[in-house]
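One letter stands for each residue in the lines below.
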Amino acid sequence: MPGKKILLVEGTDDEHVLKHICGERGVGPLDEIKPQGDVTRLLENFPVRLKESDIEALGVVIDADTDLTARWQSLRDRLVRAGYQSVPAEPSPAGTIISSPKDTLLPAVGVWIMPDNQAAGILEDFLRFLVPAGSRLFAHVESSVANIPAEEQRFAPLARPKAIIHTWLAWQAEPGRPLGTSITARFLDSNVAQVDALVRWLNDLFFR
Amino acid sequence: MLSLVNAQGGLLLIDEFENGLHHTVQSEVWNGIFRLANLMNVQVFATSHSWDAVQAFQKAAANNADQGVLIRLTSKESQIIPTYFREDELAVATRENIEVR
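Conventions we followed
- Residues numbered from 1 in each chain as written.
- Chains lettered and ligands numbered in written order.
- Predicted model: local features only at pLDDT ≥ 70, side-chain atom pairs only at ≥ 80, totals over all residues.
- Heavy atoms only, no water.
- Helix = DSSP H or I, 4+ residues; strand = E, 2+ residues; numbered from the N terminus.
- Buried < 20%, exposed > 50% of the residue type's maximum accessible area, 1.4 Å probe, protein only.
- Contact = heavy atoms within 4.5 Å.
- Pairing = 2+ DSSP bridges.
- Patch = residues over 30% accessible without salt bridge, like charges linked within 9 Å, V, L, I, M, F, W, Y side chains within 5 Å.
- Areas by Shrake-Rupley, 256 points an atom, 1.4 Å probe, with all protein chains shown as cover.
- Salt bridge = Lys/Arg side-chain N within 4 Å of Asp/Glu carboxyl O.
- Buried area = accessible area lost by both parts, 1.4 Å probe.
- Phe/Tyr/Trp six-rings, centres within 6.5 Å; stacked < 30°, edge-to-face > 60°.

## Observations regarding the side chain of Gln 58 of chain B
All names here are of chain B.
Then, in step 1: Along the chain, Gln 58 falls in helix α3 (residues 51-62).
Then, in step 2: Judged by its relative accessible area of 14%, Gln 58 is buried.
Then, in step 3: Those residues within four positions of Gln 58 in sequence are excluded, and the remaining contacts are Leu 90, Ala 91 and Thr 94.

Here it is in structure tokens:
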């Protein structure tokens, strides 16, 4: 029986984006793309997922948020504790893949830290790569968000890319499509180098 | 339960814990086993392939700190490999429907 291929993500936005990227780019099928609720839950569930029966490959897509090194370290610690002996000190820019330790039941593990395994940020920073380069509309979106009067500024700095992407989607031919289906509708274009890298990581982890 | 009393100071082996037990009573039975095992100083090994039994065990184990562990035995290339789930890990597994069998 072939083992299970499972991808853990933080929330439903991540789930839908990943599902639509897999659909658009012909990755798959995976057994499950599972939203964990939030990063705390993901980190709590991760070590137990490593011990799930018949698991062949386990992927994690997680936001760097403000501190990429700390986020990587929190996953690295859990892997070392679970019995992975050769976990790199730093995440690979191409997405990290750690093979299954010999003579164990542990799965191959992949880690992708949004946006690009190198910078701080979140899913929506990654989605900015999917906006057509040089778009005048996008320049207008960015300047609108940048020019919100200070007394009306309601979101935290970390949420700025979220505000920008959702404004971009609000101004498309079909305003207000959710993140996932916006990829299928090509309001976000998945044929870009950054998606190529993510797709390569998914294929290397799950379908090598 | 009677066999538990008879096993005082020793071991009790239970094959297919859930046999004949409706899922609604299983965690109460586990609670009884934990209580009596403590009282009679018995170490209990129970086998099961039932998710209901695992869930019921988890509930009872959560009430009895550091007394229960789930061990899955997997055969791989003529070896048998054990995988341990502590109570806190078992709580995550049952909450998230992570297969431990």
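## Some remarks on the environment of Pro 2 of chain A
All names here are of chain A.
Then, in step 1: As for its position among the elements, Pro 2 is in the segment before β1 (4-9).
Then, in step 2: For Pro 2, a relative accessible area of 70% puts it in the exposed group.
Then, in step 3: In this structure, the C-alpha to C-alpha distance between Pro 2 and Ile 55, residues 53 residues apart in sequence, is 8.8 Å.

## Considering the pairing of strand β4 (residues 79-85) of chain B
All names here are of chain B.
Then, in step 1: In terms of strand pairing, strand β3 (residues 70-76) meets β4 through 7 bridges, oriented antiparallel. Bridge assignment links Ser 75 to a residue of β4, and that residue is Ile 80.
Then, in step 2: The hairpin turn running from β3 into β4, its antiparallel successor, is 2 residues long, and Glu 77 in that turn takes a positive phi close to 45°.

## Some details on a nonpolar patch on the surface
Residues and elements named next belong to chain B.
Then, in step 1: A grouping of Val 69, Ile 71, Leu 73, Ile 80 and Tyr 84 is seen on the molecular surface, where their side chains present a nonpolar patch of about 520 Å² in accessible area.
Then, in step 2: Secondary-structure elements contributing two or more residues to the nonpolar patch are β3 and β4.
Then, in step 3: Its place among the elements puts Tyr 84 in strand β4.

## Section: the interface of chain A and chain B
Then, in step 1: Contact with chain A, which involves 13 residues of that partner, is made by 16 residues of chain B.
Then, in step 2: A combined buried area of about 1,300 Å² lies between chain A and chain B, and 52% of that area is made up of carbon and sulfur atoms.
Then, in step 3: Looking at the side of chain A facing chain B, the largest losses of area belong to Val 48, Lys 51 and Leu 105 of chain A, adding up to 46% of the total buried there.
Then, in step 4: Viewed at the interface, chain B and chain A are joined by 2 salt bridges.

## Structural notes on the packing of aromatic side chains
Then, in step 1: This structure, assessed with the given rule, holds 7 aromatic pairs over all chains.
Then, in step 2: Taken together, a centroid distance of 5.6 Å and an interplanar angle of 80° make the contact between Phe 138 of chain A and Trp 168 of chain A edge-to-face. Here Phe 138 of chain A, found in helix α5 (residues 136-146), pairs with Trp 168 of chain A, found in helix α6 (residues 160-170); they are 30 residues apart in sequence, far enough to count as distant. The residues Phe 138 of chain A and Trp 168 of chain A share a single accessibility class, namely buried.
Then, in step 3: An angle of 65° between the planes, with centres 4.9 Å apart, marks the rings of Trp 30 of chain B and Phe 57 of chain B as edge-to-face. Of this pair, Trp 30 of chain B sits in helix α2 (residues 26-40) while Phe 57 of chain B sits in helix α3, and the two are 27 residues apart along the sequence. An identical accessibility class is assigned to Trp 30 of chain B and Phe 57 of chain B; each is buried.
Then, in step 4: Among the aromatic residues, ring-to-ring pairing joins Phe 17, Trp 30, Phe 34 and Phe 57 of chain B into one connected group.

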